[in-house]
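The lines below spell out each chain.
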Amino acid sequence: MAFHSALKQLKGFIQLCKDQPQTLHDPELKFFKDYLESLGATIPPSSATPPPEETPKAESKEKQDPPPQPQEKQESENEAEMSSEESDVELDMEGVIKDTDTGEEHEMGDVQKKEMTDDEMEKFDEARAEAMSIFAEGEWEKAVEKFTEAIKLNPNSAAMFAKRGACFLKIKKLRACIRDCTRAIELNPDNASAYKFRGRSHRLLGNFKEAAKDLRTACKIDFDEQADEWLREVTPNAKKLEEHERKRERKREEKELREKKERIRKAQEAREAAAKAAQDEDDDDPGFPGGAGGMGGLFSDPDLLAALSDPEVAQAFQDIQSNPMNIMKYQGNPKVMALLNKLASKMGGGGGMPGMGGMPGMGGMPGMGGMPGMGGMGGGSDAPSSGQSK
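Residues numbered from 1 in each chain as written. Predicted model: local features only at pLDDT ≥ 70, side-chain atom pairs only at ≥ 80, totals over all residues. Heavy atoms only, no water.

A.B. asks: Before we move on, could you go through the packing of helix α7 (residues 158–170) against helix α8 (residues 174–187) and cite the residues and values that matter?
C.D. replies: One way to put it is that α7 packs onto α8 with a least axis distance of 8 Å and a crossing angle of 165°. When the interaxial angle is binned, α7 and α8 end up roughly antiparallel. Here α7 and α8 pass one another in a crossing that is left-handed. Contacts between α7 and α8 involve Ala158, Phe161, Ala162, Arg164, Gly165, Phe168 and Leu169 from the former and Leu174, Ala176, Cys177, Asp180, Cys181, Arg183, Ala184 and Leu187 from the latter. A breakdown of the residues in the contact of α7 with α8 according to their chemical character gives eleven nonpolar, one polar and three charged. (Axes fitted to C-alpha atoms, helices over the stretch in contact; angles between N-to-C directions. Helix = DSSP H or I, 4+ residues; strand = E, 2+ residues; numbered from the N terminus. Parallel < 35°, antiparallel > 145°, perpendicular 65-115°, else oblique. Left-handed = near helix turned anticlockwise from the far one by under 90°. Contact = heavy atoms within 4.5 Å. Nonpolar A, V, L, I, M, F, W, Y, C, P; charged D, E, K, R; others polar.)

So, in structure tokens, the structure goes:
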């Protein structure tokens, strides 16, 4: 069957050369061109007339901008739909302000520092006390400077980062506040003030989901009336966004499920097509009457299929099929002989296999007659030397 397949491919290639002679000038086909010329063939010259300018431009454009495939088009439509839905979410943007933070990094202390000397501890206590006093007076810029001094002395104080974050919130440096509060939470995950001020900064930036999450955590760790008030303020917008996210996630899961089902369907179709192609090839095999797709339907018999599922029987059957004389090797194998008897009965034999001395039901197997000198299987009498049964 490999030869027939190769022959079909060769016929297709020849037809291509007839339709498009310039194919023979492809550098990869030089060996084939040289072979044809060695046989005296005349190869048509390569087309000297260039195609109109519009053609290559059109082809180039087609190569650069191929038409969208159905799946790509569907994905694009889904993304556009999700984006459209997100823009359709109506949020109350009242209170959202512009961040005055220039994005410049501010002092975060030596993160590798673990311990303070006695002198540093004393200076830290002084800087902290002074910073807290200035903070109480509402001088936020000065308080930032003093909290920074304290942080440089003790970069592991979550309270100092949270307080400086509160100062940044007061002067509307919202991203600076978020950085300080995030550091405070890294140092102490139970610092409610850090969650509270970071949540407020997110709210003022319009990050309602993040704001609600931080403010809920702050109230859970240590309930605060102001944090609760801020939470109630952001909850309506946060719920709208959270519901939108759930819808998007649900649509994404549904899309993935559809794609999975489509892949399974295509795989099943491919398997069915492969099975059909294999069956067609078997039907074309001349090894048995009616094709090898079951010797004219014999192997649709469940008993035969069960027998051939035994590797030993299947091996013996292939051996006998390749050379009927090999049946002599399996006279003492009841499983193999039972299969042959079954086949013989299916094929309509009843008079015994010629040369096999009365083997019941083996008559009529094509190509298996005339085996001289084989003792009878059933009657016990010797077969005549001529190889014909009496």
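A.B. asks: So what's going on with helix α9 (residues 192–205)? Which residues, and what values?
C.D. replies: Along its 14 residues, α9 runs 20 Å from first to last C-alpha, staying within 8% of the 20 Å computed at 1.5 Å per residue. With 13 of 14 residues buried, α9 lies mostly within the body of the structure. Where α9 starts, the residue carrying a side-chain oxygen 3.2 Å from the main-chain nitrogen of serine 193 turns out to be asparagine 191. Just beyond α9, the residue with positive phi is glycine 206, at close to 90°. (Expected span 1.5 Å × (residues − 1). Buried < 20%, exposed > 50% of the residue type's maximum accessible area, 1.4 Å probe, protein only. Polar contact = N/O pair within 3.5 Å; in protein donor to acceptor, adjacent residues only side chain to side chain.)

A.B. asks: Which residues make up the packing of aromatic side chains, and what are the values?
C.D. replies: Going through the model one piece at a time under the given rule, you end up with two aromatic pairs. Plain terms: the ring middles of phenylalanine 135 and phenylalanine 147 are 6.3 Å apart, the flat faces sit at 70° to each other, and that makes the pair edge-to-face. Taken as a pair, phenylalanine 135 in helix α5 (residues 118–136) and phenylalanine 147 in helix α6 (residues 140–153) lie far apart in primary sequence, twelve residues in all. Among the residues examined, phenylalanine 147 registers a relative accessible area of 0% and is labelled buried. Connected via pairs of aromatic rings, a cluster forms that spans Phe135, Trp140 and Phe147. (Phe/Tyr/Trp six-rings, centres within 6.5 Å; stacked < 30°, edge-to-face > 60°.)

A.B. asks: So what's going on with the environment of phenylalanine 147? Which residues, and what values?
C.D. replies: When the C-alpha atoms of phenylalanine 147 and glycine 165 are compared, they prove to be 9.7 Å apart, with 18 residues separating the residues in sequence. If we ignore the near neighbours within four places in the chain, the residues touching phenylalanine 147 are Ala131, Met132, Phe135, Met160, Lys163, Arg164 and Cys167.

A.B. asks: Tell me about the pattern of salt bridges, and please be specific about residues and values.
C.D. replies: Opposite charge on two side chains makes pairing possible when the charged atoms of those side chains draw close. Enumeration according to the criterion identifies 24 salt bridges in this entry. Here arginine 183 and glutamate 186 are joined by a salt bridge, their closest N and O atoms 3.2 Å apart. Note that arginine 183 and glutamate 186 are positioned in helix α8 at a spacing of three residues, about one turn of the helix. In this structure, the salt-bridge partner of glutamate 256 is arginine 252, at a minimum N-O distance of 2.4 Å. Placement of both glutamate 256 and arginine 252 in helix α11 (residues 225–284) is noted, with a separation of four residues, approximately one turn of the helix. By relative accessible area, which is 40% here, glutamate 256 ends up partly exposed. (Salt bridge = Lys/Arg side-chain N within 4 Å of Asp/Glu carboxyl O.)

A.B. asks: With reference to specific residues and values, describe α6.
C.D. replies: Helix length check: α6 (14 residues) gives 20 Å between terminal C-alpha atoms against 20 Å at 1.5 Å per residue, within 8%. Those residues of α6 lying buried are Ala143, Val144, Lys146, Phe147, Thr148, Ala150, Ile151 and Leu153.

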